[in-house]
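Listed here are the chains, written in short residue letters.
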Amino acid sequence: MSINDISIRRPDDWHLHLRDGDVLAAVTPHTSVDFARAIVMPNLVPPVVTTGDAAAYRERILAAVPDGHRFEPLMTLYLTETTDPNDVAAGASSGLITAVKLYPAGATTNSASGVRDIKKVYAVLARMEEIDLPLLVHGEVTDEEIDIFDREAVFIERVLDPLRRRFPGLRIVLEHVTTADGVDYVKSSSGGLAATITTHHLIINRNAILAGGIRPHYYCLPVAKRESHRAALCEAATSGDSRFFLGTDSAPHVDAAKETACGCAGIFSSPVTLGCVAQVFDNHGALDRLEAFTSLNGPAFYRLPANEERIRLIKHDAPIELPASITTADGGITVFDPPIDIHWQREQAAST
Ligand code: DOR
Ligand code: ZN
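Now for a quick tour of the structure. (Residues numbered from 1 in each chain as written. Chains lettered and ligands numbered in written order. Predicted model: local features only at pLDDT ≥ 70, side-chain atom pairs only at ≥ 80, totals over all residues. Heavy atoms only, no water.)

A word on the side chain of Ser 270
Put simply, the rule is: Secondary structure elements are taken from DSSP: a helix is a run of H or I of four residues or more, a strand is a run of E of two residues or more, and numbering for both begins at the N terminus. Think of it in three bands: with a 1.4 Å probe and only protein chains considered, a residue is buried below 20% of the maximum accessible area for its type, exposed above 50%, and partly exposed in between. Note on definitions: a residue-residue contact is assigned when non-hydrogen atoms from the two residues lie within 4.5 Å.
Considering the arrangement of structural elements, one finds Ser 270 in the loop between helix H10 (255–258) and helix H11 (273–283). Residue Ser 270 is classed as buried on the basis of its relative accessible area, which comes to 2%. If we skip the residues at most four places from it in the chain, Ser 270 touches Leu 16, His 30, Thr 31, Asp 34 and Ser 250.

Quick notes on the coordination of the zinc ion (ligand 2)
Formally: Metal donors were taken as nitrogen, oxygen and sulfur atoms no farther than 2.8 Å from the ion, or 3.2 Å where the ion is Na, K or Ca. Water is excluded, so coordination may look unfinished.
Taken together, His 15 (NE2), His 17 (NE2) and Asp 249 (OD) make up the full set of protein donors to the zinc ion (ligand 2), lying 2.1 Å away. Positions of the donor residues of the zinc ion (ligand 2), expressed as sequence spacing, correspond to H-x1-H-x231-D.

Things to note about the sheet that holds strand E13 (residues 344–346)
Short version of the rule: For two strands to count as paired, DSSP must find a minimum of two bridges between them. For every element, the axis is a line fit to its C-alpha atoms; helices are fit only across the contacting stretch, and the angle between N-to-C directions ranges from 0 to 180 degrees.
What the 3 strands build is an open sheet, ordered E1-E10-E13; its pairing is antiparallel. Edge positions in the sheet fall to strand E1 (5–9) and E13, since each of these pairs with one other strand and no more. On average, each strand axis in the sheet is inclined to that of its neighbour by 30 degrees, with strand direction left out of account. Bridge count between strand E10 (residues 310–315) and E13: 3 bridges; the pairing is antiparallel. Among the inter-strand pairings, Leu 313 is bridged to a residue of E13, identified as Arg 346. This element, H11, spans E10 and E13 of the sheet and lies at about 135 degrees to E13.

Considering the site of ligand 1
Stated formally: The rule for a residue being near a molecule or strand is that one of its heavy atoms must lie within 4 Å of it. Nitrogen and oxygen atoms within 3.5 Å of one another constitute a polar contact, given that in protein one can donate a hydrogen and the other can accept it, and given that sequence-neighbouring residues count only through two side-chain atoms. Here, Shrake-Rupley sampling with a 1.4 Å probe gives the accessible areas, and only protein chains in the shown set may cover a residue.
Ligand 1 sits among 14 residues. The nearest are Arg 19, Asn 43, Thr 108, Leu 221 and His 253. The separation between an oxygen atom of ligand 1 and a polar side-chain atom of Asn 43 is 2.8 Å. With respect to ligand 1, the side chain of Thr 108 contributes an N or O atom lying 3.1 Å from an oxygen atom. A total of 280 Å² of accessible area belongs to ligand 1 in isolation, and the protein chains cover 100% of it.

Examining the sheet that holds strand E4 (residues 72–78)
If you walk across this open sheet you meet the 8 strands as E2-E3-E4-E5-E6-E7-E8-E9, and the pairing is parallel. Strands with a single pairing partner mark the edges of an open sheet, and in this sheet they are strand E2 (13–16) and strand E9 (244–246). Here the strands of the sheet are splayed against their neighbours by 30 degrees on average, with no regard to which way each runs. Bridge count between E2 and strand E3 (residues 37–40): 2 bridges; the pairing is parallel. The residue bridging Leu 16 from the neighbouring strand is Val 40, located in E3.

With respect to the packing of aromatic side chains
Stated formally: Pairing of aromatic rings covers Phe, Tyr and Trp, the last through its six-membered ring, and needs centres within 6.5 Å; plane angles under 30 degrees mean stacked, over 60 mean edge-to-face, and all others mean tilted. By definition, being over a ring means that NZ of Lys or CZ of Arg is both within 6 Å of the ring centre and within 35 degrees of the ring normal.
In total, this model carries 9 aromatic pairs according to the counting rule given. Relative to Phe 167, the ring of Tyr 122 lies with its centre 5.5 Å away and its plane at 70 degrees, an arrangement referred to as edge-to-face. Taken together, the residues span a long stretch of sequence, with Tyr 122 in helix H4 (residues 122–131) and Phe 167 in the loop between helix H5 (151–166) and strand E7 (172–174) at a distance of 45 residues. Phe 167 sits in the buried class, given a relative accessible area of 6%. The interplanar angle of 65 degrees and the centroid separation of 6.4 Å between the aromatic rings of Phe 245 and Tyr 302 together place this pair among those described as edge-to-face. Placement of the pair is Phe 245 in strand E9 and Tyr 302 in helix H12 (residues 290–302), with a sequence separation of 57 residues. For Phe 245, a relative accessible area of 0% translates into the label buried. What makes Tyr 302 buried here is its relative accessible area of 6%. Here the aromatic cluster, defined as three or more aromatic residues joined through ring pairs, consists of Trp 14, Phe 245, Phe 301 and Tyr 302. The ring centre of Phe 301 lies 4.9 Å from the NZ or CZ of Arg 171, which sits over that ring.

What to know about a negative patch on the surface
For clarity, the cut-off: Patch definition: residues above 30% relative accessible area lacking any salt bridge, with like charges linked at up to 9 Å and the nonpolar side chains Val, Leu, Ile, Met, Phe, Trp and Tyr linked at up to 5 Å. Whenever a carboxyl oxygen of Asp or Glu lies within 4 Å of a side-chain nitrogen of Lys or Arg, that contact is scored as a salt bridge. Charged residues are defined here as Lys and Arg on the positive side and Asp and Glu on the negative side; His and the ends of the chain fall outside this count. Where a charge lies is defined by one atom per residue type, namely NZ (Lys), CZ (Arg), CG (Asp) and CD (Glu).
A cluster of like negative charges, contributed by Asp 147, Asp 150, Asp 181 and Asp 184, occupies part of the molecular surface. Along the chain, the position of Asp 147 falls in the loop between strand E6 (135–137) and H5.

Concerning the pattern of salt bridges
The full count for this structure, using the stated rule, is 20 salt bridges. The salt bridge involving Arg 346 is made with Asp 34; its shortest N-O contact spans 2.2 Å. With Arg 346 in strand E13 and Asp 34 in the loop between helix H1 (21–32) and E3, this pair connects stretches of sequence that are 312 residues apart. Here Arg 346 and Asp 34 have matching classes, each one buried. Close ionic contact of Asp 132 with Arg 303 constitutes a salt bridge, the shortest N to O distance being 2.3 Å. Here Arg 303 lies in the loop between H12 and E10 and Asp 132 lies in the loop between H4 and E6, a separation of 171 residues in the sequence. According to the relative accessible area criterion, Asp 132 is partly exposed, its value standing at 29%. Overall, the relative accessible area of 55% leaves Arg 303 in the exposed class. Put simply, Asp 5, Arg 312 and Glu 347 are held in one network by salt bridges that share partners.

Have a look at this one:
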């Protein structure tokens, strides 16, 4: 018998870009309507580097949450070669800072202030290990000689594995894992390592970006890989393995910045994520494990309580018409358009 209606604990998004200013105001409600909490990425311009920056950004986020939505932003710091371990520790002990994000310099959007020489952040990492503050990594090397489709696997070998040996007690999240290599590496760990998986990497492979015309709205980093990797991500997400949880990496850019000769990386998926992820789990016959991926594994890793509130998801007979874009004062932002039919939707009245 097919399932047409499920109830799960309210989800969290363990990797999200909310931006700032007019875009922050426009995109935040699309997360806060569906998610109770989100790990908010710090790659603003300029980045969120100090606890003071994070406190101010948190206030700006809260001001963008509509009345009636319950939403808690979980703040992160952007790791630089001059990050002060004492500031990180103070932010963590005050409860403001949930994690620290490592961007290899130049790896992605607004990562110019990231880390060039990993040795320069050893003191911060040692302190994080001591106080048990998780490190979130953008797992791609930036070397010109490394093919863009290989950058995650090479990062694991050259950077992540040595880092884990040097700091065995440091808890790490391999953010937006995109390869079977990454999935296997996480599965081979005996603890302290987890991975987020995005909505779009569960649904598209690299053909979506490049076959039959170039589609900038499917371009993100790490770039989507071949189909066998997507299949590995779906297997990991739907397996119930507690080391894998949802981090949408919803990353809005106005259309003018995407539809250009050198477009930005990032896919804006917040408005459609829940339906998309439920559909993926349904297609894999794994709806009974959806809640683990969206609402249980993340809190367990971060040592936070799971949300008590529940939401209902309903399966409609006809495919849902999804929003194509949202408007902001800075311009339109295209919403992720999944190239599969989506029948699932959150029950409208139940969640806010
Ligand atoms: O596609 C991406 N967009 N990947 C990232 O790592 C950053 C993000 C952004 O900030 O736009
Ligand atoms: Zn991201």
